[in-house]
Structure formats: C-alpha cells, structure tokens
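Residues per chain, in single letters:
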Amino acid sequence: MTFSLLAYDAASEKWGGAAATGNLCVGGWVLRGRIDAGLSASQGHAPSTLWGDRVLDRMQSGDTASAAVATVTGEDGGRDWRQLAALDQHGGTGTFTGRSNGRFRGHLTGPSAVASGNILSGVAV
C-alpha cells in the first residue's frame, strides 16, 4: 500500500507533498520536487522511482504535468505495474495508474492538488 498527496497553494506560494507506504523505507523514494519544475510522486514496482525525476525534467523543459506524465509513462513497457502523479508550476496535474497495481487503486485531482494510491484496502480509501 502506498498513497501520496501533492498540493500547491497559490495564495501563500507554498508547495507540499506527503507519502505513506506499507514497505519500510520505500516512502523516501516516492516524492520529488524542484522549484523550477513542480512536484512528483512515483510509486509501484521499480523503476517507478526513476519516473519522478524524468517527469520533473519534462516539466522543467516546459511540458505541462499532464503532457510530462503521458510522455514518461508512454515510453515504459512495465507501466501497468507503476503509478505517477505530477503537479506543475501552474497548478496543473498529471496522473497515471497502471492496471496491475492492485485491486483497489487510483487517483483524484482537483485545482492544484492530486492524490494517488495503489494496493489500497478498498474503494473508500
């Protein structure tokens, strides 16, 4: 089980991210951020951790979060086992959840916020 939250508050210009995982020490690999790109949360089977940096590279180069996530996940033949969420500098979101992440998995987006989870205990989570 892993879930992550990414958010940006335009009024205070503050960024935030949080992650929780059922595997010891894995949570430290989930979140990434760069002041000139945005935030990312990558989870699932390895090398999902590499997705976090790659999506930030794309956003730093000018891609929206949605376009960056589509590019990074589209190139990976193992994407069905991984999950990626991104939040760009303008509050745009991008998400991908592979079909093999567990029975209960998914993501939700809102203005300047994204939540994602895989291998969850149920729909309510």
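Whatever comes next refers back to the structure up there.
Thresholds applied
Residues numbered from 1 in each chain as written. Predicted model: local features only at pLDDT ≥ 70, side-chain atom pairs only at ≥ 80, totals over all residues. Heavy atoms only, no water. Core = buried A, V, L, I, M, F, W, Y, C linked by side-chain atoms within 4.5 Å. Buried < 20%, exposed > 50% of the residue type's maximum accessible area, 1.4 Å probe, protein only. Helix = DSSP H or I, 4+ residues; strand = E, 2+ residues; numbered from the N terminus. Patch = residues over 30% accessible without salt bridge, like charges linked within 9 Å, V, L, I, M, F, W, Y side chains within 5 Å. Areas by Shrake-Rupley, 256 points an atom, 1.4 Å probe, with all protein chains shown as cover. Salt bridge = Lys/Arg side-chain N within 4 Å of Asp/Glu carboxyl O. Pairing = 2+ DSSP bridges.

Let us now look at the nonpolar core. By size, the foremost hydrophobic cluster in this structure holds 12 residues: A37, W51, V55, L56, M59, A65, A68, V69, V72, L84, A86 and F96. Elements that contribute at least two residues to this core include exactly helix 1 (48–60), helix 2 (65–74) and strand 5 (82–88). In terms of nonpolar packing, the next biggest core, distinct from the first, is built from eight residues, L39, A85, L87 and V114 among them.

It is worth spelling out unusual backbone geometry at this point. One non-glycine residue with positive phi stands out, namely E13, at about 55°. By the secondary structure assignment, E13 is in the loop between strand 1 (2–9) and strand 2 (14–21). Overall, the relative accessible area of 59% leaves E13 in the exposed class.

Judged by side-chain polarity, M1, F3, L5 and I119 come together as a nonpolar surface patch covering roughly 350 Å² of accessible area. By the secondary structure assignment, I119 is in the segment after strand 8 (113–118).

Quick look at the pairing of strand 1 now. Of the two faces of strand 1, only one is covered, namely that formed by T2, S4, L6 and Y8; the face formed by F3, L5, A7 and D9 stays uncovered. The sheet contact formed by strand 1 and strand 2 spans eight bridges and is antiparallel. Residue pairing across strands places L5 opposite A18, the latter belonging to strand 2. Between strand 1 and strand 2, which pair antiparallel one after the other, the connecting turn spans four residues, and E13 there sits at a positive phi close to 55°.

Bridge count between strand 7 (residues 106–110) and strand 8: five bridges; the pairing is antiparallel. Considered in strand 8, the bridge of G110 is made with A113. Counting the residues in the hairpin turn of strand 7 and strand 8 gives two residues, including S112, whose phi is positive at 60°.

Let us look at the pattern of salt bridges. This structure, assessed with the given rule, holds six salt bridges. R58 serves as the salt-bridge partner of D63, at 2.9 Å between the closest nitrogen and oxygen. R58 gets classed as partly exposed once you look at its relative accessible area, which sits at 35%.

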